[in-house]
Amino acid sequence: MSFSGNKVLDNVNFQLRQGEVHSLMGANGAGKSTLIKILNGIYQAVSGNIEVDGRAVQIKNPKDAERLGLAFVHQELNVCNDMTVAENMYIGNWIRNSMGFYDRKGTSRKAGELLRIMGVDLDPDMPVRRLRTAEKQIIEILKTLTQDAKVVILDEPTSSLNEKEKENFFGIMRRMKENGVSIIFISHFLEDVLTLSDRVTVLKDGVNNGVFTAGNYTKDDLVVAMMGRKIDSDETKPPKIAQNAKTVLEVEGLCSQKKFNNVSLKVQEGDIVGVCGLLGAGKTEIARAIFGLDEFQSGKIILNGEEIKKPRPDLMIEKKVALLTEERKQEGFVPLLSIRENESLSVMKEMASRFGVIDRKRQEQFAEDISKRMTVKMSGIEQQVVSLSGGNQQKVVIAKCLASGPKLFLLDEPTRGVDVYAKSEIYKILRQAAEEGTAILIFSSELEELLANCSKIIILKKGNVTGVVETKELTKNKLLSMIG
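In this report, the structure presented in the accompanying data block is examined. (Residues numbered from 1 in each chain as written. Predicted model: local features only at pLDDT ≥ 70, side-chain atom pairs only at ≥ 80, totals over all residues. Heavy atoms only, no water.)

## Here's the deal with the pairing of strand β14 (residues 298–303)
Phase 1 of the analysis: Bridge count for strand β11 (residues 247–256) against β14 is five bridges, and the pairing is antiparallel. Its bridge partner lying in β14, E252 is registered against K300.
Phase 2 of the analysis: Across two bridges, the pairing between β14 and strand β15 (residues 306–307) is antiparallel. Paired with L303 across the bridge in β15 is E306.
Phase 3 of the analysis: The loop that links β14 with its antiparallel partner β15 comprises two residues; one of these, N304, has a positive phi angle of about 50°. (Pairing = 2+ DSSP bridges. Helix = DSSP H or I, 4+ residues; strand = E, 2+ residues; numbered from the N terminus.)

As structure tokens, then:
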């Protein structure tokens, strides 16, 4: 399979046994999602065969895959925003009454039972539009459990789940295995792969690069197979803050009805501060309020000593504030524009003449340089961003934000869907930006990365700040108990 002249899959082989969890791993752009979309009939492979139960099959569209007993959760969410949680979970399989009509109450009741088993506190009758990205991802996972599937394919299903939700989800996967369901599990979370997998197949640059059996490999073995090298643990070090570092952002008693209450925090020049909490703790909502995307009822936002009474995105951008949003696909980039155009969106004025004409050569050189710095895997800077893998799309969005030279950088789940090597590269770039004086505030559910890269972590519980802790005093287990 090739896109824009870039070969994504080259003679790839993969086998799945009944009742096993077989993980599929690889760096961003290795071909994992493409392989899955071929199994779902979204793409048609140029060559090769697919067999189900020893019988050769043709999968020309998603309906063919469904008939063969294949159920999918894709990395890019596929929910109907104007339907309820229950309707999304049972879409195509709604409960019907004795007359054959849709039974709203019955569907809601069944969905409520499944939500309770999963340990998810969601109203089955709530419109999905009102949910956050992480909650929508849970709905996508639960949707596969309502289908009578032989094979469930999960593409980055745990990227938005906290530790407790992961534990519940893993329990459901084990019960599915016991019932003979086979699972293809795609993830960049090495701990999750080690916990769940019977076998692991690694792809590297679109070709097979190893099959590993449970108990016979380590995290380092997987990293080397994916990247060709180990990740140096010395690459992650919390920043050292100058004693006279000025305060760039100060938030005092910020309140927003039903979202967060009396939030206070401070970020200094050159510092990297983490904000950590369970799903629904208010991380995303606080980031959006600071940037001016959402309103707040009371409190103060002080930027470089100046109170910003009514923050707006255009005003905050003017004051050298950048926000990397959680909603990469909807808010992060323009899908049909090229990598060159997306990466230079935040600096278009600087690249234009006084008559407003863009200096194309300067723009091209800029895009080439920042793409190389961000290690974007692409056929060239004219490739449309929509055709990149999810992790490479994220790198383009981060590049766009960093291009403006922000003095304050707010990042909401910055490494979701990004491979282990790219994560280390992104954090290296963020530490570099901090060394150059940028104040960085990371809203994340990835505890290990916060511990490795932040000087301190702000603990959020149900919209309230319950503590600010120096990372040198913390372990992962201690942090888990604080946010739980």
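## Observations regarding helix α6 (residues 163–178)
Phase 1 of the analysis: Over its 16 residues, α6 runs 23 Å from end to end, which matches the ideal 22 Å to within 8%, given 1.5 Å per residue.
Phase 2 of the analysis: Residues E165, K166, N168, F169, F170, G171, I172, M173 and M176 constitute the buried set of α6.
Phase 3 of the analysis: In the core, the buried residues of α6 are packed alongside β3 (21–25), α4 (104–118), α5 (133–145), β7 (151–155), β8 (182–186) and α7 (190–196).
Phase 4 of the analysis: After α6 finishes, the residue G180 shows a positive phi value of roughly 90°. (Expected span 1.5 Å × (residues − 1). Buried < 20%, exposed > 50% of the residue type's maximum accessible area, 1.4 Å probe, protein only. Contact = heavy atoms within 4.5 Å.)

## What to know about the environment of L451
Phase 1 of the analysis: Locating L451 in the fold gives a position in helix α16 (residues 447–453).
Phase 2 of the analysis: For L451, a relative accessible area of 17% puts it in the buried group.
Phase 3 of the analysis: Sequence separation between L451 and A399 is 52 residues; the distance between their C-alpha atoms is 24 Å.
Phase 4 of the analysis: With near-sequence residues (within four places) excluded, L451 lies in contact with P238, I457, T471, L474, T475, K476 and L479.

## A word on the side chain of N88
Phase 1 of the analysis: Tracing the chain through its elements places N88 in helix α3 (residues 85–89).
Phase 2 of the analysis: When residues no more than four places from it in sequence are discounted, the contact partners of N88 are V79, C80, M83, V128, I139 and K143.

## Examining the packing of aromatic side chains
Phase 1 of the analysis: Counting across every chain of the model gives two aromatic pairs.
Phase 2 of the analysis: The lysine or arginine in question, K423, covers the ring of F189, its NZ or CZ lying 4.4 Å from the ring centre. (Phe/Tyr/Trp six-rings, centres within 6.5 Å; stacked < 30°, edge-to-face > 60°. Lys NZ or Arg CZ within 6 Å of the ring centre and 35° of its normal.)

## Regarding the sheet that holds strand β16 (residues 321–324)
Phase 1 of the analysis: Pairing in this open sheet of six strands is mixed, and the strands run β16-β17-β18-β13-β19-β20 from one edge to the other. At either margin of the open sheet sits one strand with a lone partner, and together these are β16 and β20 (464–470). Neighbour-to-neighbour, the strand axes of this sheet turn through a mean angle of 15°, independent of strand direction.
Phase 2 of the analysis: With six bridges connecting them, strand β19 (residues 456–461) and β20 associate as antiparallel partners. Bridging from a neighbouring strand, I459 pairs with G467 of β20.
Phase 3 of the analysis: Strands β13 (272–276), β17 (408–412) and β18 (439–443) of the sheet are contacted by helix α15 (residues 420–435), whose axis makes an angle of about 145° with β18. (Axes fitted to C-alpha atoms, helices over the stretch in contact; angles between N-to-C directions.)

## Brief notes about unusual backbone geometry
Phase 1 of the analysis: Positive phi, normally seen in glycine, also occurs at E156, with a value near 55°.
Phase 2 of the analysis: Non-glycine residue N262 carries a positive phi angle of around 55°.
Phase 3 of the analysis: In this structure, N262 sits in strand β12 (residues 260–268).

## Description of the environment of G332
Phase 1 of the analysis: Tracing the backbone through its elements, the reader meets G332 in helix α11 (residues 328–332).
Phase 2 of the analysis: With a relative accessible area of 6%, G332 lands in the buried category.
Phase 3 of the analysis: On a C-alpha basis, the gap between G332 and V396 in space is 9.0 Å, while along the polypeptide they are 64 residues apart.

## Focus on the pattern of salt bridges
Phase 1 of the analysis: Counted according to the given criterion, the structure contains 23 salt bridges.
Phase 2 of the analysis: Across the pair K377 and D205 runs a salt bridge whose closest N-O atoms are separated by 3.2 Å. Here D205 lies in the loop between β9 (199–204) and β10 (207–213) and K377 lies in the loop between α13 (360–373) and α14 (390–403), a separation of 172 residues in the sequence.
Phase 3 of the analysis: By relative accessible area, which is 32% here, K377 ends up partly exposed.
Phase 4 of the analysis: Residue D205 is classed as partly exposed on the basis of its relative accessible area of 45%.
Phase 5 of the analysis: Here R360 ties to E364 by a salt bridge, and the two come within 3.0 Å at their closest N and O atoms. (Salt bridge = Lys/Arg side-chain N within 4 Å of Asp/Glu carboxyl O.)

## Points about the sheet that holds β3
Phase 1 of the analysis: The six strands lie next to each other as β6-β7-β8-β3-β9-β10, forming an open sheet whose pairing is mixed. The sheet is open, and its two borders are formed by β6 (70–73) and β10, each paired with just one other strand. Direction aside, neighbouring strands of the sheet carry axes that sit 15° apart on average.
Phase 2 of the analysis: As judged from the four bridges shared by β3 and β9, these two strands associate in the parallel manner. Note that in β9 the partner of S23 across the bridge is V200.

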